[in-house]
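Secondary and tertiary structure notes
Here is how the chains run, residue by residue.
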Amino acid sequence: MNIVLLGPPGAGKGTQGERIATRLGIPKLATGDVLRAAVTQKTPLGLEAKAAMERGDLVPDAVILGIMKEALAEPGSARGVVLDGVVRTVPQAEGLARVLSELGRQVDAVLLFEVGEDELVRRLSARATCESCQTPYTGREPGTKCDKCSGKLVRRKDDEPEAIRSRMRAYREQTEPVVAWYEKRSRTHDDPNERDHNGPRVVRVNALGDIDEITKIVTKGLGK
Ligand code: AMP
């Protein structure tokens, strides 16, 4: 099952994505994690992406498509993959559909995590993230240790107020149209002329509230 997680930064895609991937026994691809690791290791990919990421802007579609293509060709992802933070633009959605179709696969479900912008800004401003395993913690001080791997918690550069504003703008302007793009192709779309019978199921999730409750809603929405 190939699942796309959509939603603004701070909506909990990473946390829920991890749980879904574990439950279904498939890998999770988080482009943000791949890019941050590349920045830390100063690889050519990291050097290309660093400035845009720190500003809170999106990195170019071609870069993301390259990462996606490589990850989807891995034998480990043949049974499916949870895509966290990919796709973020319509060209990426088109590219993903093309790559999957070349592999005889398709996007089966799109989970849309919905949270108001005020709450997102509150969460991101109070967030510290493990520099080793990327686990986010709300309300913990940078410099303290990760519960999972004892790595150091740091404030991500793009969790500073200026970058948060850019990320919200990028979401509104570039990612929200992706929601409409999938809904148009969705199996649950009302207009039979627009609907693609192999299109994904689009599930809207109110991502405000208890993490375990949200996991229950998500797994039910996936029929798992
Ligand atoms: P995230 O960890 O998902 O919040 O991603 C952190 C940053 O990585 C984003 O603000 C972008 O700069 C970049 N990024 C991650 N995924 C994508 C994507 N699919 N398209 C463009 N930029 C991305």
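Residues numbered from 1 in each chain as written. Predicted model: local features only at pLDDT ≥ 70, side-chain atom pairs only at ≥ 80, totals over all residues. Heavy atoms only, no water.

1. Things to note about the site of the ligand
Contacts to the ligand come from 16 residues, most closely from Thr31, Arg36, Asp57, Gly85 and Gln92. The separation between a nitrogen atom of the ligand and a polar side-chain atom of Thr31 is 2.8 Å. Per-class residue counts for the shell around the ligand are six nonpolar, four polar and six charged. (Near = heavy atom within 4 Å. Polar contact = N/O pair within 3.5 Å; in protein donor to acceptor, adjacent residues only side chain to side chain. Nonpolar A, V, L, I, M, F, W, Y, C, P; charged D, E, K, R; others polar.)

2. Things to note about the pairing of strand S3 (residues 81–84)
Here S3 shows a buried face lined by Val81 and Leu83 and a second buried face lined by Val82 and Asp84. Note that strand S1 (residues 2–6) and S3 share four bridges and pair parallel. If you follow Ile3 over to S3, its bridge partner there is Val82. Sheet analysis places strand S2 (residues 28–30) next to S3, joined by three bridges and oriented parallel. Within S3, the residue paired with Ala30 across the bridge is Asp84. (Buried < 20%, exposed > 50% of the residue type's maximum accessible area, 1.4 Å probe, protein only. Helix = DSSP H or I, 4+ residues; strand = E, 2+ residues; numbered from the N terminus. Pairing = 2+ DSSP bridges.)

3. A word on the environment of Leu222
Mapped onto the fold, Leu222 is located in the segment after helix H8 (211–221). Overall, Leu222 belongs to the buried group, its relative accessible area being 4%. Along the sequence, Leu222 and Val4 sit 218 residues apart, while their C-alpha atoms lie 12 Å from each other.

4. A closer look at the pattern of salt bridges
Taken as a whole and assessed by the stated rule, the structure comprises 19 salt bridges. Of the charged contacts in the structure, one is a salt bridge between Glu18 and Lys28, with a shortest N-O distance of 3.4 Å. One end of the pair, Glu18, is in helix H1 (residues 13–24); the other, Lys28, is in strand S2, with ten residues separating them in the sequence. Of the residues examined, Glu18 reaches a relative accessible area of 40% and is grouped as partly exposed. A salt bridge links Glu119 to Arg122, with the nearest nitrogen and oxygen atoms 3.0 Å apart. Here Glu119 and its partner Arg122 are both found in helix H6 (residues 117–125), three residues apart, which amounts to about one turn of the helix. Judged by relative accessible area, Arg122 falls into the partly exposed class, the value being 49%. Counted as one network, the salt bridges with shared partners bring together Arg127, Arg156, Asp158, Asp159 and Arg167. (Salt bridge = Lys/Arg side-chain N within 4 Å of Asp/Glu carboxyl O.)

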